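Architecture and fold: a report
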Amino acid sequence: MKRLLWIGSLSYFLIGLAHVVVGSLLPVLLEHYGRNYTDGGSLIFAQFSGFLAGVLLSPWLARRFGKRRSLIFALLLLCAAEVLYSLLPPWGWLYAVGAAAGFGFGMVETLIGTIIISGITQGTGAAMSRLEVFFGIGALAMPAIASQLIALGWWRLAFPIISMFAAVTVIAWLRGSFGTLDAVLDQQEHRGDARSTNSPKSPTVEASKGSPIGNWKLLALFIVFFFIYVGTEMSLANFLPSMFIERLGLTQAEAALSVTCFWLAMATGRLFTGYIADRYGYGVFVALSSLAATLLLCVFPLIKGTAGAFILIVLLGLGMSGIFSIALVFASKMMPGTEESTTSLLIGAGGVGGALLPLWLGNSMDRGGAVSSAWLLAGFACILCLLGGILYALYVRKKRLQTASS
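The structure presented is a predicted model; accordingly, all values stated were derived computationally and were not measured.

What counts and what doesn't
- Residues numbered from 1 in each chain as written.
- Predicted model: local features only at pLDDT ≥ 70, side-chain atom pairs only at ≥ 80, totals over all residues.
- Heavy atoms only, no water.
- Helix = DSSP H or I, 4+ residues; strand = E, 2+ residues; numbered from the N terminus.
- Expected span 1.5 Å × (residues − 1).
- Buried < 20%, exposed > 50% of the residue type's maximum accessible area, 1.4 Å probe, protein only.
- Disulfide = S-S within 2.5 Å.
- Salt bridge = Lys/Arg side-chain N within 4 Å of Asp/Glu carboxyl O.
- Contact = heavy atoms within 4.5 Å.

On to helix α14 (residues 323-334). For α14, spanning 12 residues, the distance from its first C-alpha to its last is 16 Å, which sits close to the expected 16 Å at 1.5 Å a residue. All of the buried residues in α14 are Ile323, Phe324, Ser325, Ile326, Ala327, Leu328, Val329, Phe330, Ala331, Ser332 and Met334.

Inspection of the entire model under this criterion finds zero disulfides. The thiol sulfur of Cys385 is not disulfide-bonded, and the nearest other cysteine sulfur, from Cys382, lies at 7.1 Å.

Further remarks concern the pattern of salt bridges. Two side chains carrying opposite charge are able to pair once their charged atoms lie near each other. What the rule picks out here adds up to one salt bridge. In this structure, Glu132 and Arg270 form a salt bridge, with 3.6 Å as the shortest nitrogen-oxygen distance. Note that Glu132 is positioned in helix α5 (residues 124-152) and Arg270 in helix α11 (residues 252-280), a separation of 138 residues in sequence. In this structure Glu132 comes out as buried when scored by relative accessible area, which is 5%. The exposure class of Arg270 is buried, given its relative accessible area of 4%.

A few words now on the side chain of Gln47. For Gln47, the position within the fold is in helix α2 (residues 37-65). Filtering out sequence-adjacent residues up to four positions away, Gln47 remains in contact with Ala18, His19, Val22, Tyr85, Gly98, Ala99, Ala101, Gly102 and Phe105.

In this section: unusual backbone geometry. Phi is positive for Leu88, which is not a glycine, with a value near 50°. Tracing the backbone through its elements, the reader meets Leu88 in the loop between α3 (67-86) and α4 (91-119). Given a relative accessible area of 14%, Leu88 falls into the buried group.

Nothing here speaks to function; it is all geometry.
This is the structure:
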């Protein structure tokens, strides 16, 4: 399982790089093509559309062709898309290239999450947190790499760097052997295929075929939870510098440090959150982390000093660091046997929230300024806290019913 975890971590590092490369290079990319920020927004939306399609289609492709084959296809697609980016084709083509890249890393994120959650049954929270650490490292590393390449005039080389990591990851998955889990990774559902119908199926394979439809109310709560959480996280990441400039009078360079502090705190927190959640329970962790995020975001509009604001942002990063990965594990434990479909739906819901809620916050920044936008974030967090409490209460009720029936 250690080999699986390290290759999964490499894969998450790759998608961390891929998620932010276009945003990191967007100013110079638009200058090269003579385009405006509206066109840049359309390119990012095309990539998001591909990401959402990859997330939602990954369970069907995994069942049809096997997880390993689907994963390798997604990595090769991402590798090819990044090569095409580096060739700087006509602008209109970039929309298709962006959609292909998004499809690739959307599939990779979903498939890896499903494999880890279903394949590592002990210490699942710690395993998912490690993946998120490497995702954060990739997301932090790419802007730094891109800034250096821009300064040297070699900015287009940022895309082949991702292609290189994608190729290495393909080789790792092709050559990797994971013992009994190999049967799960290579399992296909071809009707009439003797290898599929006659080969023994592990309990994990059988469990992963479940559908969350029977738990639709619980699933709906988790979908809204992920929509709100990722939307809040992306809103913070996108608008923290603007809020710091308006409220604290900082320069652009000083305000940019707020996002760096936030992501560094997130990455640091993820080193420990998995172990804490495994020890004290996933439901407890999600509920308390949501409460901590809510309290901190309610204090955020009241902070006026620069030092206090940066301390609060670090605490907020630590408080929110494990919510996404641990909530994924929590959902899988609450709805056992639905890992494939549940993981894709929840990551997809998070992706939609990450696209839509920042639009709402941006409109709030234009209309009401930083203070009203900070209170809007606090409102999002209050909804998140309420949902986290409801989900934990449902978990406690389920455990009591199981104890009473046994």
